[in-house]
Amino acid sequence: MDKQGSDRHLYEVLVEVRHKEKIADPEGNTIKKALSALGYDRVSRVSVGKAIRVQISADNETEALNQVDKMTQRLLANPVLENYSISVEESNSHA
Amino acid sequence: MSNKADIYKKLGLTDEEYKLIIGHLDREPNDLELAMFSVMWSEHCSYKSSKIHLKRLPTKGDKVLVGPGENAGVIDVGDNLAIALRIESHNHPSAIEPAQGAATGAGGILRDIFTMGARPIALLDPLYVGPLDQPRHRWHLEGIVRGISSYGNSVGVPTVGGEIHFDPCYGGNPLVNVACVGVLEKDKLVLGQASGVGNLAVLLGSTTGKDGIGGVSVLASASFDTNSNDTEKLPSVQVGDPYEEKRLIEACLELIDKRLVVGIQDLGGAGLTCATSETAARANLGMDVDISQVHLREINMSPIEIMTSESQERMLAIVTKENLELLFQIAKKWEIAASVIGKVTEPVESVGYLRIFDGFENEPLAVIPAKSLADEAPLYERPTTKPGQITTKDIVGLNFGSDGKRADLKPSYSLNSTDLKNDLLKMLIKPEWIYRQYDHQLFLNTLIGPGNGAAVLRLAAPGVKKTKKAISITTDGNPKWCAIDPFWGTYLTVVEALTNIAITGATTQAIINCLNFGNPENPEVMWQFSKSVDGLKTACEAFGLPVVGGNVSFYNSTNGVDIDPTPVIGAIGLHPDIAKLLKTKDRNTESYEYDFFVLNGPDITTDDTRFSLAGSKWATQLHNLQGGFLPEIDIDETRNFLIKVAEVVQNQDIGLVQIDDISEGGLISTVAKMLIRYSQHLQLNKLLDPKSDEITSGNIQKQVDYKLGIKIENNLSVNSLFSELPGRAVVQVLKNKSQLFKSCMDEQNIRCYFLGSSTKNTLEIGADISIDLVEAFEHYQSSLDSVMS
Amino acid sequence: MPNLIGIVVFPGTNCEFDVAEAVEAVGGNYRFIFHLDKELSDIDAVVIAGGFAHGDYLRPGAIARFSPIMESIEKFAEDGRPVIGICNGFQVLTEAGLLPGALQKNSNLTFLCEPTVLNIETNETPFTSKLSPGSKVKLFINHFSGNYTCNDQTLQELKSNNQIVLTYLNNPNGSTQNIAGICNATRNVVGLMPHPERAIDELLGSDDGLKFFKSLINL
């Protein structure tokens, strides 16, 4: 498929950036209060983060995840405030 | 395809308009041409229902460099500097998606200003929403303020003023007006003209997407039914990108500063169709446009979509071939996309044609005389009918003038401390919850900021030589006056705006207006509109002022009920010397004593018939008393007052500490706000006092308990306390200079009535009324915050 | 000779003109440094001005820290020369790791533009050397993300090294320990959320900002 003949795939990788549990989360707390006002009183914690979808071509899934992990450490998440997790959502051989 | 009549009617064109199009083209239009006519001939772009009326407004003046009709009005302010200003509405987009609607409103008007070569230095946002006891109205206000805040702050233009009104008539259709002021060197003024045959048209900025397709004809011409599903209309809402706009501002100002463009125009309503036809029409030339060169956000966009898209943050620059490379360099520096999409062409038999191609090698897709799109929409003189008399309810034993004179709503309502306090507290709403979300200080120009009537800014901007002058700017509206009498209501609104300017020490130079009305096909609305324009014209002529710009927003209604007529009047004044501004900095001490006076108007201690309560907040909102006859001003005395008071406040030696105009809420509200504002100054000063070390945290407001109070000896009538008769002001004067101040007023022929003397912590009237100001202060501080949080 | 101040301009920066005016107000000289430049050899002190660098997209300061100029600024700071970050500039410095901690959204989740009263905690920095510890100043804040946040260890370090430069008298945004400004361990890199450049004239509501720029000019 690929013109260069290599075995590249297109991956869609989901980066979920989460507010660290120990760090005060004004946005999450405000939403929790609003939910409680609506009667959802069993909610014990709300945390607001970001979901970032990265489309990337790589030889295999491990390489795609490694690349996205590096870019998340450098740019996509702030280690003082945030944790993150990475997962491959889709892969497609038509790179 | 169904028949042509179905199509053009869906696009909002009438049979007669279709015939006119055939006349302009000498043939039937194709679909693209029809779409282009429909957007350009929409009410929003063509002003077809209002133009006949707007022609009555005075627009000429010594200082007017550019009047209505261009992207913005421009006035000469001396020192080789000019001010560009404009006001617009973004009502209907804000009703659907408040944050994006308000944000793109700010973005659009900024482009109108910097397209003239002016650096935008200030935004003002008059807002009208439904009462905040309903969640939907809070959602409107929260979103609108967030939109203005996120866009204005990020794009780097301070929002220095505005106003907020609450009324049920705006419940389904909030009004978001936005005014913008820019500063330019006079010789750098650029117009939106595509001059010079062979010159190139370059599209700058954001990509063109399907957002806002049909936005002009659908959004600006359909009234809202609160039962319909808003989400169905969402696709036509444009999304703003302040970061793109910030870079676009810097790139365009650099292009203009280096004189690399011969003309430039923003893309607003009707997108590329409007920008290309208007620039060509103004230059009496034609333009060929190649849509294959337009940078697109989506693939598979049709020519109609490309030509009518209202994607934000785009500009059309006209450049010579020689300067194209330099333009590309500047665009690259600011990371702005730039594509040559067209060229300026010779007229054919003196008609400049706008021709649309998909690749210049192909046959044109549309060939339309540019002027027929830009200038030759049909104008309508829609029928007008005077509405039936507004009925007046008598709920608290008020009796009304029956002699037909404008003297009315004379209540026999008796005053006591409790009722007066309750009424007063309802009128004290501090808009700080709104304006602290706006950067109102950027560029270090804001000498008097939001929350104080007119804003006062240094006449300065980055890249412009400094002056010692200042500009004073305000927007004002009083729809309750205009509902009763649109002629005098608009007239008095102009007086209120001029008073706001005058009491800062400035002299008004020009007027702008944003006329927000209901459905113009309703003859009663059209009557209101026509009368309002007449009131504006008469007031401007009485005070010798030109109208340099305006905007009309029709079809503001909810469930078929039109809004109160809401002309918003903007005024801009010039102050000769910032060193002569009235500032309270050295006078914030508890040890001084003060006297208070009321300037101009009838004697406050009398029951003068001119103190009408008709249309006042007290009558309409607190006591549900609609109708009556509006307060009446003495025009000659007011004219003298406005001129002289500006001189008086520049005088540093007569003990003047504070001045504020009497407007919404009447005399009593003005006095209460002055006392609160002064006490706030004291508080902040106390915090900075090195001796106040014990104040380290917690609620500081409660720890500084001194509040300036007032004792008014006379028993004042309800009319005197709550009438909103404009063209008057309250002053706070150092007691030991009080005689000097009074004699100065006498010399200037300004009527000056002693109101009362300072005291502590209470507002007292006569022997029986005493209001605790500590409570009023707390209420004022938190009124909007507690509702919105 | 007064110091030459380099004022950094990213696309989206908007306080550069105001900082320039403040530098001029105290008799200093300045040069704007566009983010694509790298040259700092003529510069005595760097100010990263406020605004919305790269639109504040992703997080304030997150993208700006990778602009070409930042590499030069990191070296400049390593050499012990003064680097000041005001508001967005403070956010850039924390993202770049030149200052510890991070600035998250204000606790009330709205933008705040208002006067604040601040305590001067230390004068042992190039931006506060002409101010007295324990004194109070009135400066304006103008931010959405000014809520200073760090872990306990960082906070202990800031305290024990006297790295807290400014604190709010009345905490407007939820900042840890009322922190409004900090410096690095070597004290040459300073970040603060309030805008001293907006307080350079009584007509603007305060002139307390002048002393900050006087400090920076006459090292």
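Quick notes on the rules
Residues numbered from 1 in each chain as written. Chains lettered and ligands numbered in written order. Predicted model: local features only at pLDDT ≥ 70, side-chain atom pairs only at ≥ 80, totals over all residues. Heavy atoms only, no water. Helix = DSSP H or I, 4+ residues; strand = E, 2+ residues; numbered from the N terminus. Rg over C-alpha atoms; globule rule 2.2 N^0.38 Å. Buried < 20%, exposed > 50% of the residue type's maximum accessible area, 1.4 Å probe, protein only. Contact = heavy atoms within 4.5 Å. Areas by Shrake-Rupley, 256 points an atom, 1.4 Å probe, with all protein chains shown as cover. Lys, Arg positive; Asp, Glu negative; His and termini not counted. Charge placed at Lys NZ, Arg CZ, Asp CG, Glu CD. Buried area = accessible area lost by both parts, 1.4 Å probe. Salt bridge = Lys/Arg side-chain N within 4 Å of Asp/Glu carboxyl O. Nonpolar A, V, L, I, M, F, W, Y, C, P; charged D, E, K, R; others polar. Phe/Tyr/Trp six-rings, centres within 6.5 Å; stacked < 30°, edge-to-face > 60°. Pairing = 2+ DSSP bridges. Axes fitted to C-alpha atoms, helices over the stretch in contact; angles between N-to-C directions. Expected span 1.5 Å × (residues − 1). Polar contact = N/O pair within 3.5 Å; in protein donor to acceptor, adjacent residues only side chain to side chain. Parallel < 35°, antiparallel > 145°, perpendicular 65-115°, else oblique. Core = buried A, V, L, I, M, F, W, Y, C linked by side-chain atoms within 4.5 Å. 1 Å grid on protein atoms, 1.4 Å probe; cavity = no way out; pocket = protein on both sides within 12 Å on 5 of 7 lines; lining within 4 Å. Points joined across faces, edges and corners; volume = space filled by probe spheres on them. Domains from an automatic or database assignment.

### Quick notes on the overall build of chain C
Then, in step 1: For chain C, the count of helices and strands is 5 helices and 11 strands.
Then, in step 2: Taken over the C-alpha trace, chain C has a radius of gyration of 15 Å; the compact-globule value for 219 residues is 17 Å, and the two agree within 12%.
Then, in step 3: With the C-alpha coordinates aligned to their principal axes, the bounding extent of chain C is approximately 40 × 35 × 30 Å.
Then, in step 4: When each of the 219 residues of chain C is scored for burial, the buried share is 67%.
Then, in step 5: Nonlocal contacts in chain C, meaning residues at least 24 apart in sequence, comprise 74% of its contacts between residues at least 6 apart.
Then, in step 6: A total accessible area of about 7,000 Å² is found for chain C, and carbon and sulfur atoms account for 46% of it.
Then, in step 7: A gap of 3 Å separates the mean positions of the 15 positive and 24 negative side-chain charges of chain C.

### Some thoughts on the arrangement of the chains
Then, in step 1: Of all 2 pairs of chains sharing an interface, the pair with the highest contact count is chains B and C.
Then, in step 2: Over all C-alpha pairs, chain A and chain B never come within contact, reaching a minimum spacing of 10 Å.

### Focus on the interface of chain B and chain C
Then, in step 1: Contact residues are listed per partner, giving 42 residues for chain B and 36 residues for chain C.
Then, in step 2: Of all residues in chain B, the largest losses of buried area upon contact with chain C belong to Tyr-243, Gln-441 and Leu-444 of chain B, amounting jointly to 20% of the total for that side.
Then, in step 3: Our count for the chain B to chain C interface comes out at 2 salt bridges.
Then, in step 4: Residue Asp-439 of chain B is joined to Arg-198 of chain C by a salt bridge in which the shortest nitrogen-to-oxygen separation is 2.9 Å.
Then, in step 5: Of all elements in the fold, only α8 (135-155), α10 (242-257), β16 (446-448) and α22 (666-688) of chain B reach the threshold of two or more residues within the side of chain B that touches chain C.
Then, in step 6: Examining the composition of the side of chain B that touches chain C, we find that 4 residues originate from one element, α10 of chain B, more than from any other.
Then, in step 7: For the side of chain B that touches chain C, the per-class residue count stands at 15 nonpolar, 12 polar and 15 charged.

### Observations regarding the packing of aromatic side chains
Residues and elements named next belong to chain C.
Then, in step 1: This structure, assessed with the given rule, holds 19 aromatic pairs over all chains.
Then, in step 2: An angle of 55 degrees between the planes, with centres 5.2 Å apart, marks the rings of Tyr-30 and Phe-32 as tilted.
Then, in step 3: Owing to a relative accessible area of 30%, Tyr-30 belongs among the partly exposed residues under this scheme.
Then, in step 4: Where Phe-90 meets Tyr-148, the ring centres are 6.1 Å apart and the plane angle is 10 degrees; that geometry is what we call stacked.

### Some thoughts on the sheet that holds strand β11 (residues 338-345) of chain B
All names here are of chain B.
Then, in step 1: Taking strand neighbours across the sheet as the criterion, the 7 strands line up as β8-β10-β7-β11-β9-β12-β13 in an open arrangement whose pairing is mixed. Looking at strand neighbours, the two that pair on one side only are β8 (263-266) and β13 (366-369), the edges of this open sheet. The average undirected angle you get between the axes of adjacent strands in this sheet is 20 degrees.
Then, in step 2: By the bridge criterion, 4 bridges tie strand β12 (residues 353-357) to β13 in an arrangement that is antiparallel. Within the sheet, the bridge partner assigned to Tyr-353 lies in β13 and is Pro-369.
Then, in step 3: Docked against the sheet, helix α11 (residues 271-282) engages β7 (200-205), β8, β9 (286-290), β10 (314-319), β11 and β12, running at close to 150 degrees with respect to β8.

### Section: the pairing of β11 of chain B
All names here are of chain B.
Then, in step 1: Both β7 and β11 contribute to a ladder of 5 bridges, which runs antiparallel. Within the sheet, the bridge partner assigned to Ala-201 lies in β11 and is Gly-342.
Then, in step 2: Both β9 and β11 contribute to a ladder of 4 bridges, which runs antiparallel. If you follow Met-287 over to β11, its bridge partner there is Val-344.

### As for helix α19 (residues 523-542) of chain B
All names here are of chain B.
Then, in step 1: Over its 20 residues, α19 extends 28 Å from the first C-alpha to the last, a length consistent with the 28 Å expected when each residue adds 1.5 Å.
Then, in step 2: Among the 20 residues that make up α19, 14 are buried, leaving the element largely enclosed by the rest of the structure.
Then, in step 3: At the N-terminal boundary of α19, the capping side chain belongs to Asn-522, with an oxygen 2.9 Å from the backbone nitrogen of Glu-524.
Then, in step 4: Directly beyond the C-terminal end of α19, a positive phi value near 65 degrees is found at Gly-544.

### A closer look at the sheet that holds strand β1 (residues 64-66) of chain B
Residues and elements named next belong to chain B.
Then, in step 1: Here we have 6 strands laid out as an open sheet, ordered β1-β2-β3-β6-β4-β5, and mixed in their pairing. Every interior strand has two partners, whereas the edge strands, β1 and β5 (159-166), have only one. With direction set aside, neighbouring strand axes in the sheet form an average angle of 20 degrees.
Then, in step 2: Where strand β4 (residues 119-129) and strand β6 (residues 175-185) come together, 7 bridges link them in antiparallel fashion. When the bridges of β6 are listed, Arg-119 appears paired with Val-183.

### Observations regarding the packing of helix α18 (residues 486-502) of chain B against helix α21 (residues 635-650) of chain B
Residues and elements named next belong to chain B.
Then, in step 1: It is the contact of α18 with α21, at a shortest axis distance of 9 Å, that shows an interaxial angle of 20 degrees. It follows from the interaxial angle that α18 and α21 lie roughly parallel. Taking contact as the criterion, the partners of Tyr-491, Val-495, Leu-498, Thr-499 and Ala-502 in α18 are, on α21, Ile-635, Thr-638, Phe-641, Leu-642, Val-645, Ala-646 and Val-649.
Then, in step 2: Along the lines of polarity and charge, the residues of the contact of α18 with α21 split into 10 nonpolar, 2 polar and no charged.

### As for the nonpolar core
Then, in step 1: Grouped together as the largest cluster of nonpolar side chains are 114 residues, with contacts concentrated most on Ile-83 of chain B together with Ile-73 of chain C.
Then, in step 2: Ignoring sequence-local partners within four residues, the contact set of Ile-73 of chain C consists of Val-8, Leu-40, Val-46, Ile-48, Val-83 and Leu-98 of chain C.
Then, in step 3: Counting 103 residues, the second-largest nonpolar core is a separate cluster that includes Leu-622, Tyr-678, Phe-722 and Ile-771 of chain B.

### Points about the environment of Cys-15 of chain C
Residues and elements named next belong to chain C.
Then, in step 1: For Cys-15, the location among the structural elements is in the loop between β1 (4-9) and α1 (16-25).
Then, in step 2: Overall, the relative accessible area of 1% leaves Cys-15 in the buried class.
Then, in step 3: In the structure, Cys-15 is positioned 183 residues away from Arg-198 in sequence and 9.3 Å away in space, judged by C-alpha atoms.

### What about empty space enclosed by the protein?
Residue and element names in this part refer to chain B.
Then, in step 1: Overall, the coordinates contain 3 cavities of 30 Å³ or more when judged by the stated rule.
Then, in step 2: The space that makes up the largest cavity amounts to roughly 940 Å³.
Then, in step 3: Looking at the largest cavity, it is lined by 50 residues, and the ones nearest its centre are Gly-162, Glu-163, Ile-164, Glu-664 and Lys-673.
Then, in step 4: Among the elements that make up the lining of the largest cavity, the one with the highest residue count is β5 (8 residues).
Then, in step 5: In the lining of the largest cavity, the residues fall into 18 nonpolar, 19 polar and 13 charged.
Then, in step 6: When residues of the lining of the largest cavity are assigned to domains, at least three map to each of domain 1 (50-189 + 442-574) and domain 3 (392-427 + 582-690 + 703-789).
Then, in step 7: A volume near 70 Å³ is recorded for the second largest cavity.

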